[in-house]
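Fold and contact review
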Amino acid sequence: MIQLQHLCKTFRTADGTVDALQDIDLTIEDGDIFGIIGMSGAGKSTLVRCINMLERPTSGTVIVGGDDMTALSPAALRQKRRSITMIFQQFNLLMQRSCLKNVCFPMELEGMGKKQAKKKAKELLELVGLPDKALAYPAQLSGGQQQRVAIARALATNPQVLLCDEATSALDPNTTHAILELIRDINQKLGITVVVITHQMSVVEEICNRVAILDNGRVVEQGDVAAVFSNPQSDAAKKLVFPNGEETVLPPQQNEARMRILFNGSQTADQPLIATMAAQHGILATILGASTHAFHQQAFGEMLIGVPMQQKQQALDFLRSVEGITVEEVPQDA
């Protein structure tokens, strides 16, 4: 378990002080894939670097696996860091070393024998799907392959925690998907707790089970991914979930009734709600605006529609009979 308690980090600059993190409280359970998301400058990278003490907090407590990281001696901290490994956006491989030797490197630092380290490195390259690249050099690999080698190297010390700092930001969508699948597979096979730092909603949606929204150094919202994404409460979460914001629509037309449909995740994303209303009940609705998205094949968000005034009650009755959505009338002056 990772516990961050009243965590603060202040940087001193020529222009004064910058509060990068302010009173952060988070609990990440063992085996979680926990997402920390926010816009640039929100404090995400500072937060993840405080977990392994690459940045020492100004105040507050970081507890990993029952150990207070802020209270460990330098020697004990070095030992603890072996159980908390990290992968980065730019891979950080040693270009003069082969893939096999890159994976061997942390084991060599621990004093493991070369034969044993080589054997384990080959097993890890097999795990990440690159058994045939042991003798290749990083420059000969694609970005996705380099990140796989970086993941294998991160696993070399048998970590309990894997920190991913924008680990897929430099990759194309297909490669990103493959790397996220690999991280999920490792989480399930090895039981490693994964902390994902990202500014990409798609990454959180695809891999994480819990999420915290960071804004200006504060956690403004946290919880299960489905719960946060279905009904974001903070302004920062709303901007991330619905980046286009509220739709600007024309004033109501004469003899038009308007209603707002709220999707809470029970409605399947592939169910043609408006088409069904038209086909089965002859209600021709106009979609005036929508901020919806699919998550795990379920629909979240809201939609604004207009229907003929004489069909208002019929439309309300139909929509309210559909499980998983909430419908509200929109006043004429809204």
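Residues numbered from 1 in each chain as written. Predicted model: local features only at pLDDT ≥ 70, side-chain atom pairs only at ≥ 80, totals over all residues. Heavy atoms only, no water.

**Re the overall build of the protein**
Per the secondary structure count, the protein includes 11 helices and 14 strands. Oriented by its inertia axes, the alpha-carbon framework of the protein measures out at about 80 × 50 × 35 Å. The buried share of the protein, reckoned over its 334 residues, is 46%. A separation of at least 24 residues holds for 69% of the contacts in the protein among residues at least 6 apart in sequence. Approximately 16500 Å² of the protein is accessible, and the part contributed by carbon and sulfur atoms is 48%. (Helix = DSSP H or I, 4+ residues; strand = E, 2+ residues; numbered from the N terminus. Buried < 20%, exposed > 50% of the residue type's maximum accessible area, 1.4 Å probe, protein only. Contact = heavy atoms within 4.5 Å. Areas by Shrake-Rupley, 256 points an atom, 1.4 Å probe, with all protein chains shown as cover.)

**Quick word on the sheet that holds strand E10 (residues 218-224)**
An order of E6-E7-E8-E3-E9-E10 is seen for the 6 strands of this open sheet, with the pairing classed as mixed. Strands at the two margins of the open sheet, each flanked by one partner only, are strand E6 (84-88) and E10. Across this sheet, the average inter-strand angle for adjacent strands is 15°, counted without regard to direction. In this structure, strand E3 (residues 33-37) lies alongside strand E8 (residues 193-198), joined through 5 bridges in parallel fashion. Following the sheet pairing, Ile-33 is matched in E8 by Val-194. Those strands touched by helix H5 (residues 143-154) are E6 and strand E7 (161-165), and its axis lies near 170° from that of E6. (Pairing = 2+ DSSP bridges. Axes fitted to C-alpha atoms, helices over the stretch in contact; angles between N-to-C directions.)

**Some words on the packing of aromatic side chains**
Two aromatic rings are characterised by how far apart their centres lie and by the angle between their planes. One pass over the structure, following the stated rule, counts 0 aromatic pairs. Above the plane of the ring of Phe-11 lies Lys-9, whose end atom (NZ or CZ) is 5.0 Å from the centre. (Phe/Tyr/Trp six-rings, centres within 6.5 Å; stacked < 30°, edge-to-face > 60°. Lys NZ or Arg CZ within 6 Å of the ring centre and 35° of its normal.)

**Quick notes on the nonpolar core**
Among the nonpolar cores identified, the biggest contains 52 residues, and Ile-87, Val-103, Leu-125, Val-149, Ile-151, Ile-183 and Ile-213 are the most heavily contacted of them. Ignoring anything within four residues of it in the chain, the contact list for Ile-213 reads Ile-37, Arg-218, Val-219, Val-220, Glu-221, Val-228, Ala-236, Ala-237 and Leu-240. Of all hydrophobic cores here, the second largest spans 27 residues; its members include Leu-4, Ile-24, Ile-36 and Val-161. (Core = buried A, V, L, I, M, F, W, Y, C linked by side-chain atoms within 4.5 Å.)

**Some thoughts on the sheet that holds strand E2 (residues 16-28)**
Backbone-to-backbone hydrogen bonds pair the strands of a sheet. The strands run either parallel or antiparallel. With antiparallel pairing, the 4 strands of this open sheet are ordered in space as E2-E1-E4-E5. Whereas interior strands pair on both sides, the edge strands pair on one side only; in this sheet they are E2 and strand E5 (67-68). Where strand E1 (residues 2-13) meets E2, 9 bridges bridge the pair, whose relative direction is antiparallel. Its bridge partner lying in E2, Arg-12 is registered against Thr-17. Across the sheet, helix H1 (residues 44-51) is in contact with E1, E2 and strand E4 (59-64); its angle to E1 comes to roughly 120°.

**A short note on the environment of Thr-10**
Relative to the assigned elements, Thr-10 resides in strand E1. Between the alpha carbons of Thr-10 and Ala-20 there is a distance of 5.7 Å; along the sequence they are 10 residues apart. Every residue in contact with Thr-10, bar those within four places of it in the chain, is listed here: Thr-17, Val-18, Asp-19 and Thr-58. Polar contacts involving the side chain of Thr-10 include one to the side chain of Asp-19, which spans 3.0 Å. (Polar contact = N/O pair within 3.5 Å; in protein donor to acceptor, adjacent residues only side chain to side chain.)

**What about the packing of helix H3 (residues 99-109) against helix H4 (residues 114-127)?**
H4 packs onto H3 with a crossing angle of 120° between their chain directions and a minimal axis gap of 9 Å. Here H4 runs oblique to H3, going by the angle between their axes. Judged by the sense of rotation from one axis to the other, the crossing of H3 with H4 is right-handed. Contacts between H3 and H4 involve Leu-100, Val-103, Cys-104 and Met-107 from the former and Ala-117, Lys-118, Lys-120, Ala-121, Lys-122, Leu-124 and Leu-125 from the latter. In terms of residue class, the contact of H3 with H4 is built from 8 nonpolar, no polar and 3 charged. (Parallel < 35°, antiparallel > 145°, perpendicular 65-115°, else oblique. Left-handed = near helix turned anticlockwise from the far one by under 90°. Nonpolar A, V, L, I, M, F, W, Y, C, P; charged D, E, K, R; others polar.)

**Considerations on the pattern of salt bridges**
Working definition: two side chains of opposite charge can pair if their charged atoms are close together. Enumeration according to the criterion identifies 12 salt bridges in this entry. Here Glu-108 makes a salt bridge to Arg-97, at a shortest N to O gap of 3.4 Å. Here the residue Glu-108 occupies a position in helix H3, and Arg-97 occupies one in the loop between E6 and H3, the gap between them amounting to 11 residues. Residue classification places Arg-97 among the partly exposed residues on the basis of a relative accessible area of 23%. Salt-bridge contacts for Glu-256 lead to Arg-258; the nearest nitrogen and oxygen are separated by 2.9 Å. Like Glu-256, the residue Arg-258 is buried in the burial classification. A single salt-bridge network, built from bridges that share partners, covers Lys-9, Arg-49 and Glu-55. (Salt bridge = Lys/Arg side-chain N within 4 Å of Asp/Glu carboxyl O.)

**A word on the environment of Ser-291**
Of note, Ser-291 is situated in strand E12 (residues 286-295). Overall, the relative accessible area of 14% leaves Ser-291 in the buried class. A C-alpha to C-alpha distance of 5.6 Å links Ser-291 and Gly-301, two positions 10 residues apart in sequence.

**Focus: a positive patch on the surface**
Residues Lys-101, Lys-114, Lys-118 and Lys-122 make up a contiguous surface patch of positive charge. Per element, the largest residue contribution to the positive patch is 3 residues, and it comes from H4. Its location among the elements puts Lys-122 in helix H4. Assessed through its relative accessible area of 46%, Lys-122 is described here as partly exposed. (Patch = residues over 30% accessible without salt bridge, like charges linked within 9 Å, V, L, I, M, F, W, Y side chains within 5 Å. Lys, Arg positive; Asp, Glu negative; His and termini not counted. Charge placed at Lys NZ, Arg CZ, Asp CG, Glu CD.)

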